[in-house]
Amino acid sequence: MNQRNLKYSILSFLLAGIVISAQNPVIQTHFTPDPAPMVYKGKMYVYTGDDQPGFDFYTMTKWRVYSTEDMVNYTDHGSPISLESFSWARDRAWAAQCIERNGKFYWYICAQTVDNNMAIGVAVSDSPTGPFKDALGKPLISTGTWDNIDPTVFTDDDGQAYLYWGNSKLFYVKLNKDMTSYQGKITEVPQSVEAFGGLRRPGKADEVLQKQEKFDDVYVEGPWLYKNNNQYYMMYAGMTGRTECLSYSTSPSPTGPWNYQGKADQQLYQSRWNY
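Fair warning: this is a prediction, and the values are worked out from it, not measured in the lab.

Caption draft 1: The arrangement of the pattern of salt bridges in detail. Enumeration according to the criterion identifies eight salt bridges in this entry. Note that D126 and K104 form a salt bridge whose closest N and O atoms lie 2.6 Å from each other. In this pair, D126 sits in the loop between β9 (118-125) and β10 (133-134) while K104 sits in strand β8 (residues 104-113), placing the two residues 22 residues apart along the sequence.

Here it is in structure tokens:
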């Protein structure tokens, strides 16, 4: 994962503190990749990144939050957390997701660490708009690699919460009720044509892309787990040849096995990425 800006469809929000009707594009004061929605007490909150203009690479040092009651008018709540909120983080404030449990709000983030790898952390607050603070003072997930990006969190009907993440590889853990620790070891999800449309092979990026051309699709990054009508859905950034897309798999269980269902969206002509 080395691409962050414009990776997901840009979501609505208002011009800093002023409620306005939606227009397209409706994010006009910030570049806000990786929007993650959360519905709480009749409002939808959207947690995003904040890419800085004027650089030749994605320069992201903080996260932002917006809210809406009607999906048309949005309120900007600013930047409740940044890299400075985590003593162990130094760069790459990439994709994140916030979830509520028992009246507290847990914001799972990924960032480059002072040890020069990617890790997943969690911030906690009594309010969906903050203030947030680092819940642990250290990463929740840290394995010394660059695979630990794009966390997605889901709490099932039985109260069990799951944390998925991963670039090129897909991992998960079962979170404990405190939402800041997990049970057992990290599990890597097996990849196959049946599960994700293809098999991501090891190797340099150009070599991998060439090898992938015979597959209809392949898991890249950006997982998003949710449930509908007792079916579990794993949305993710896929790839066919050199073209990235938005794909999904389903399962009768939150931990798989996963069954590839196809592409939910194709690449946009105007953008290199659309997820």
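Once the structure has been displayed, the description carries forward.
Caption draft 2: Structural context of the sheet that holds strand β18 (residues 259-265). The four strands lie next to each other as β15-β16-β17-β18, forming an open sheet whose pairing is antiparallel. At either end of the open sheet lies a strand with only one pairing partner, and these are β15 (219-228) and β18. Each strand of the sheet is rotated relative to its neighbour by a mean of 30 degrees, with strand direction disregarded. In this structure, β15 lies alongside strand β16 (residues 231-240), joined through seven bridges in antiparallel fashion. Pairing of Y226 across the sheet is with Y233, part of β16.

Caption draft 3: Main features of the packing of aromatic side chains. If you walk through the whole model with that rule in mind, you get 14 aromatic pairs. With centroids separated by 5.9 Å and ring planes inclined at 55 degrees, the aromatic side chains of F196 and Y219 adopt a geometry described as tilted. Here Y219 lies in strand β15 and F196 lies in helix α1 (residues 193-196), a separation of 23 residues in the sequence. Grouping aromatic residues by their ring pairs yields a cluster made of Y47, W107 and F132.

Caption draft 4: Broad picture of unusual backbone geometry. Of note, the bond from G130 into P131 is cis; its omega dihedral lies within 30 degrees of zero at 10 degrees. Positionally, P131 belongs in the loop between β9 and β10. A cis amide bond links G256 to the next residue, P257, at an omega of 10 degrees. Positive phi values are uncommon outside glycine, yet D150 reaches one of about 60 degrees. We classify D150 as buried; its relative accessible area is 2%.

Caption draft 5: Representation of the pairing of strand β11 (residues 152-155) in the model. When β11 meets strand β12 (residues 161-165), the two strands line up antiparallel, connected through four bridges. By the bridge assignment for β12, T155 is matched with A161. Here β11 hands over to β12 after five residues, with G159 in that stretch at a positive phi of 90 degrees.

Caption draft 6: Examining the side chain of D217 more closely. Relative to the assigned elements, D217 resides in the loop between α2 (205-212) and β15. Buried and unpaired, D217 has no salt bridge, with K263 as the nearest side chain of opposite charge at 5.2 Å. Side-chain polar atoms of D217 contact the side chain of S247, separated by 2.4 Å. Those residues in contact with D217 that lie beyond four places of it in its chain are F196, G197, G198, Y236, G238, M239, T240, C245, S247, Y260 and K263.

Rules and cut-offs
- For every chain, the first residue of its written sequence is number 1, and the numbers climb from 1 along that sequence.
- Note on the predicted model: pLDDT of at least 70 is required for a residue's local features to be given, and 80 or more for side-chain atom pairs to be given and counted; whole-chain, interface and lining totals, by contrast, use all residues.
- Calculated side-chain values reflect all of the structure's heavy atoms, with hydrogen atoms and water omitted.
- We define a salt bridge as a contact between a side-chain nitrogen of Lys or Arg and a carboxyl oxygen of Asp or Glu at a distance within 4 Å.
- By definition, any uninterrupted DSSP run of H or I lasting at least four residues is a helix, any uninterrupted run of E lasting at least two residues is a strand, and each is numbered from the N terminus.
- A strand pair is defined by DSSP finding two or more bridges across the two strands.
- To obtain an axis, a line is fitted to C-alpha atoms, over the contacting stretch when the element is a helix, and the angle between two such axes runs from 0 to 180 degrees between their N-to-C directions.
- In this scheme Phe, Tyr and Trp rings, the latter by its six-membered ring, pair at centre separations within 6.5 Å, and the angle between planes marks the pair as stacked below 30 degrees, edge-to-face above 60, and tilted otherwise.
- Partly exposed residues are those whose accessible area sits between 20% and 50% of the maximum for their type, while under 20% is buried and over 50% is exposed, using a 1.4 Å probe and protein chains only.
- The charge count includes Lys and Arg as positive and Asp and Glu as negative, but it does not include His or the ends of the chains.
- Polar contact criterion, stated in full: a pair of N or O atoms within 3.5 Å, where within protein one must be able to donate a hydrogen and the other to accept it, and residues adjacent in sequence count only if both atoms are side-chain atoms.
- In what follows, residue pairs with any heavy atoms lying within 4.5 Å of each other are defined as contacts.

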